[in-house]
Each structure stands twice: as structure tokens, then as C-alpha cells.
Amino acid sequence: MPPSYDLVVRGGTLVTGRGAVPGTVAVRDGRVAAVLPPGAAADATDTVDAAGLHVLPGVIDTHVHTRHPGVPEREDFESGTTAAAAGGITTVLEMPISMVPTNSAAAVGRRVSAMQPGALVDFGLYGGAGDENVDEVAGQADAGVVAFKTFLQPPPPARLDEFAGLWSLDPAARRDVVRAVAATGLPHAFHCEQAPLYLALQRRLEAAGRTDGLAHAESRPPIVEETSVAEVLALAAEAGAHAHVVHLSSPRSADLVRDARARGVRVTAETCPPYLFLTEQALAVHAGFAECNPPLRSAADVEALWRKLGEGLIDVVGTDHSPFLEEEKARGAGSIFLAPPGLAGLEVLVPLMSSSWRRSAPRRHAADS
Ligand SMILES: [Zn+2]
């Protein structure tokens, strides 16, 4: 008789939704078939001895930009998903920025074909929803995207190809985009930063000769995000959409999300490790290598964001993994406004969050232990 299971993982401490308990995990056909008591008999083709280790479910990273097929020197899907697997992430949700971007049903098919051969973990795709491709929203939903993404900012002039069909600047078209995605029933992720405000602030800083690292944070203060979040929540409320605020960085944005939920608006929110583990001072030290959008925040905002996470106002921590070449990030030493925004994160998400989660709820867990 063949063994009952393909794989058993024995001797470890299982981290479950109900706590950490000793036990054995049994796998059949790529799925968890049973969770057994520590000493239970279970015959399997392969056995892993996890004594002294914690056994966690694979993590889903909701926010990844391998951008494959794109600029392979930055990353391709094989190197990106290798980093994911090494970091304990077994599913990545890939954003639509690419060459060609995910902006139509045909593009969804092309990207899946391009990504499948290098995929070392499972993946899902966000579709792109912008002013230019409102008519392509329903088709992408039929083609299997898991959600949509809209940038509310113009892309960098040198990267128009990577962002085609992903951005919305026209206020009337933006409303149409939100309605079109709402009609699919899928979540609608928004990059919330008010472009007219940060562009005006950046022009002022540059006119004053400010191109240092901290000028990036000063050009995009929290109000840039908060006013954009407020607009998205109003649009979602009108359209009956499920808005998903990605890379939320301001604790006041989390309050806006809470208030909208109280009014019955469907909204979820994500933050990312840079907003929990770094402050804007990293920009002063590392310039372009600490540049991401929204920018890093003050120490007080970082502490407040941990509290919002502990209060359950933020639903998910994703990486916004966005690698660039060293020479691309190094341009920020000349002017911070010349470095591309984005930080890598696939390998560090799980270690960082599993070692620091108590920061989100210090009182409750101090009382528990
Ligand atoms: Zn992103």
C-alpha cells in the first residue's frame, strides 16, 4: 500500500490562528491533508524533522513588482520568486507595471505565459485600470485577475511604457474607472498621493536648491496621502466599490479608513515594512536607497502606525517589493528627485513581522503572557 501522505513535517511548533502548538502537518497532493498530534503515526513518502522550529503557513504577499517581463537586470520572475520562497512567501500578487503592462485581457494572457516558466511560488495578477483603458476592465476580470490597481499620479516620463493604462488623472474618467472596477466586484487598489500637491511642493523645494534626501519626504508630507485617501473613499462610497488603500503610511489615513468603514464603505488597507521599521532619517543617510512613495515618515508617525495596526485598522502588511539597480538608486546622491522610488522586501517581510509584531499591541500581549 502506498504511504498515506506525500509529506509529513514532524516535531515542530505549529503557528495557527489559535496560537502556537506542537504538532505534525501531513500533506497530500500539494495540500495540507491533516494536522495531527505530535506523536501521531503517519506514513509518508518524505518526512521533515522540524524539531526546535516553528512551522508557519506560507505567506501571501499582496503587493509585488517583479515587473516581469520588464528590465531583467533589475529582476525577473524566477529571481523574484526565489527571493519570495527564501522569505517564506508562497504566493505573490503581482502588480500591473511591466513591459507590456497588465492593461487588457490579452496582456493578462501574455504576462501569465511569460511568468509561469520562472515561477517558484504561486502567483496572481492585478489588472490595470486607468483613463485609457476603462473598456478593458471587464475583460481583465474575465481573464482571471484577482484585483485592479490604479495610480492617481502621472508616471515618470521615462517609464510611460511600463505604466500604460494604469493611471488616472482626469477627474471624470477617474470616476468612470472606479465604477467600471466596482462592476466587476473585485477589490480596487489605489496608490493614494495627490499629484498636484506633491508636484507643486517639489517645484518649490527645487527652486530653493533642496535636492537632499529629506527633500523627498518634505515634498510628499502626510497630507499628500491623506487628501488622496479621502478622495478615493468618496469615489468608492459613490460607486459601491471595494477600495483597497495600498502602502498606507500615515496614521491619519488609517483614521479615515476607520471612519469610512463606520459609514459602511467597503475599504481595506495595507501598509508595508518600510513605514513600520524606518523613519525619514534614513533618507538623510541613504538618499535614493531609502526612497519610496509614499515617503518614509517621522518617528512619531511610525509609532502611531504600529498602534493603528494593533487596532485592526490595517488589514494586511505587503512588501511593495520594487527592486532597482544600484546605479539607478545612486542617482539620488546628485538629486533625490532623480532616483526611482521603490525598495526590495520579499526576503525580509516574514522575519521582520514575526520578530516585531508585539509592537502593534504591547499592552494586550504583556497582559497575556
Ligand atoms: Zn507598489
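Definitions and cut-offs
- Residues numbered from 1 in each chain as written.
- Predicted model: local features only at pLDDT ≥ 70, side-chain atom pairs only at ≥ 80, totals over all residues.
- Helix = DSSP H or I, 4+ residues; strand = E, 2+ residues; numbered from the N terminus.
- Rg over C-alpha atoms; globule rule 2.2 N^0.38 Å.
- Buried ≥ 20, exposed ≤ 12 C-beta atoms within 10 Å, placed from the backbone.
- Contact = placed C-beta atoms within 7 Å.
- Expected span 1.5 Å × (residues − 1).
- Arc of directions from axis to C-beta.
- Pairing = 2+ DSSP bridges.
- Domains from an automatic or database assignment.
- Axes fitted to C-alpha atoms, helices over the stretch in contact; angles between N-to-C directions.
- Core = buried A, V, L, I, M, F, W, Y, C linked by C-beta atoms within 7 Å.

Engineer: Which parts of the structure should I look at to understand the overall build of the protein chain?
Structural biologist: Scanning the protein chain from N- to C-terminus turns up 15 helices and 13 strands. For the protein chain, the C-alpha radius of gyration of 22 Å lies close to 21 Å, the compact-globule estimate for 369 residues. Considered along the principal axes of its C-alpha atoms, the protein chain spans approximately 75 × 50 × 45 Å. Every one of the 369 residues in the protein chain was classed for burial, and the buried ones make up 44%. Restricting the contact set of the protein chain to residue pairs at least 6 apart, pairs at least 24 apart contribute 72%.

Engineer: Looking at this model, I keep getting lost on helix α12 (residues 299-310). Mind explaining?
Structural biologist: Working note: α-helix, 3.6 residues per turn, so residues spaced by three or four point in the same direction. With 12 residues, α12 should cover 16 Å at 1.5 Å per step; its first-to-last C-alpha distance of 17 Å lies within 8% of that length. Along α12, the residues classified as buried are Val302, Leu305, Trp306, Lys308 and Leu309. In a view along the axis of α12, the buried residues occupy a sector of 160 degrees, so they form one face of it. Two residues or fewer after α12 comes glycine 312, characterised by a positive phi angle close to 80 degrees.

Engineer: Can you walk me through the pairing of strand β3 (residues 31-36) in this structure?
Structural biologist: Summarising the sheet, strand β2 (residues 19-28) and β3 pair through 5 bridges and their orientation is antiparallel. Within β3, the residue paired with valine 27 across the bridge is valine 32. In sequence, β2 turns back onto β3 through a hairpin of 2 residues, with aspartate 29 there showing a positive phi of about 55 degrees.

Engineer: Is there a simple way to think about unusual backbone geometry in this case?
Structural biologist: With the exception of glycine, most residues fall at negative phi, and the peptide bonds are largely trans. With an omega of -5 degrees, the peptide bond between histidine 68 and proline 69 qualifies as cis. Cis geometry is found at the peptide bond from methionine 99 to valine 100, where omega equals 0 degrees. Its location among the elements puts valine 100 in the loop between β7 (89-94) and α2 (105-115). The backbone of arginine 67 shows a phi angle near 65 degrees, a positive value even though the residue is not glycine.

Engineer: Is there a simple way to explain the environment of glycine 58 in this structure?
Structural biologist: On the secondary structure map, glycine 58 appears in the loop between β5 (54-55) and β6 (59-64). Among the residues examined, glycine 58 registers 13 C-beta atoms within 10 Å and is labelled partly exposed. Placed 54 residues apart in sequence, glycine 58 and valine 112 show a C-alpha to C-alpha distance of 21 Å. Apart from the residues lying within four places of it in its own chain, the contact partners of glycine 58 are Gly88, Ile89, Thr90 and Thr91.

Engineer: Just to check I follow, could you spell out the environment of leucine 152 for this structure?
Structural biologist: Summarising the element assignment, leucine 152 is placed in the loop between β9 (147-151) and α4 (160-163). Not counting residues up to four positions away in its chain, the partners in contact with leucine 152 are Ser168, Phe190, His191, Cys192, Glu193, Ala195 and Ser228.

Engineer: For this particular structure, what's the right way to read the domain arrangement of the protein chain?
Structural biologist: In many reports, interface size means the accessible area that the parts give up when they come together. When its domains are assigned, the protein chain resolves into domain 1 (5-55) and domain 2 (59-365). If you average the C-alpha positions of domain 1 and of domain 2, the two centres end up 35 Å apart.

Engineer: Would you explain the sheet that holds β9 in this entry?
Structural biologist: Sheet strands line up and pair through hydrogen bonds in the backbone, either parallel or antiparallel. What the 8 strands build is an open sheet, ordered β6-β7-β8-β9-β10-β11-β12-β13; its pairing is parallel. Of all strands in the sheet, those bounded by a partner on one side alone are β6 and β13 (316-317). Note: β9 against strand β10 (residues 188-191), 4 bridges, orientation parallel. Within β10, the residue paired with threonine 150 across the bridge is phenylalanine 190. Contacts from helix α9 (residues 251-262) reach β11 (242-245) and β12 (266-271), with the element oriented near 160 degrees to β12.

Engineer: Looking at this structure, how should I read the nonpolar core?
Structural biologist: Soluble globular proteins tend to bury their nonpolar side chains together. Counting 66 residues, the largest nonpolar core has Phe148, Val181, Val232 and Val245 as its most contacted members. Once residues within four sequence positions are removed from consideration, phenylalanine 148 is found in contact with Tyr126, Gly127, Ala129, Val137, Val181, Leu186, His188 and Ala189. Formed by 8 residues, the second largest nonpolar core is a distinct cluster that contains Ala215, Ala217, Leu296 and Ile336.

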